[in-house]
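# Examination of the molecular architecture
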Amino acid sequence: MHADLLLTARHIETLGRDRPGQALAVTDGRITAVGTTDEIAALRGPATVVHEFPGATVLGGDVRLHPARNS
């Protein structure tokens, strides 16, 4: 299966890994893999979008929107 999006950076920090990755893959809106650039490059297909951030550190985060309460 090919990823929809590949992102590469100097470091990809996650809370669940002992070491940072250098790349991540996104498929159907979800992060599906984090690893070395070579490991993640294997998920690249003809329609995969690639964004490169050399020298950057990427941090994961929760970006779900919560509706404001009307009081």
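Notes on the structure in this doc start here. Since this is a predicted model, take the numbers as computed values, not measurements. (Residues numbered from 1 in each chain as written. Predicted model: local features only at pLDDT ≥ 70, side-chain atom pairs only at ≥ 80, totals over all residues. Heavy atoms only, no water.)

### Observations regarding the environment of His2
Stated precisely, the cut-off is as follows: Numbering of helices and strands runs from the N terminus; a helix is a DSSP stretch of H or I covering at least four residues, while a strand is a stretch of E covering at least two. The classification of residues rests on relative accessible area computed with a 1.4 Å probe and restricted to protein chains. Under 20% of the type maximum is buried, over 50% is exposed, and intermediate values are partly exposed. The contact criterion used is simple: two residues touch if any of their non-hydrogen atoms lie within 4.5 Å.
Locating His2 in the fold gives a position in the segment before β1 (5–13). On the accessibility criterion, His2 (45% relative accessible area) is partly exposed. The contact partners of His2, leaving out residues within four places of it in the chain, are Thr27, Leu43, Arg44, Gly45, Pro46 and Thr48.

### Concerning the nonpolar core
In plain terms, the rule: The set of buried Ala, Val, Leu, Ile, Met, Phe, Trp, Tyr and Cys residues whose side-chain atoms join them within 4.5 Å is what this entry labels a nonpolar core.
If you look at the biggest cluster of nonpolar residues, it comprises 6 residues: Ala3, Leu6, Ala23, Ala25, Ala33 and Ile40. Once you skip the residues sitting within four places of it in the chain, Ala25 turns out to touch Ala3, Leu5, Leu6, Arg30, Ile31, Thr32, Ala33, Ile40 and Leu43.

### Some words on the environment of Pro54
Among the secondary structure elements, Pro54 is positioned in strand β4 (residues 49–59). Take Pro54: its relative accessible area is 72%, and that puts it in the exposed class. For the pair formed by Pro54 and His11, sequence separation is 43 residues and the distance between their alpha carbons is 9.0 Å.

### Considerations on the side chain of Thr8
Here Thr8 lies in strand β1. With near-sequence residues (within four places) excluded, Thr8 lies in contact with Gln22, Ala23, Thr37, His51, Glu52 and Phe53.

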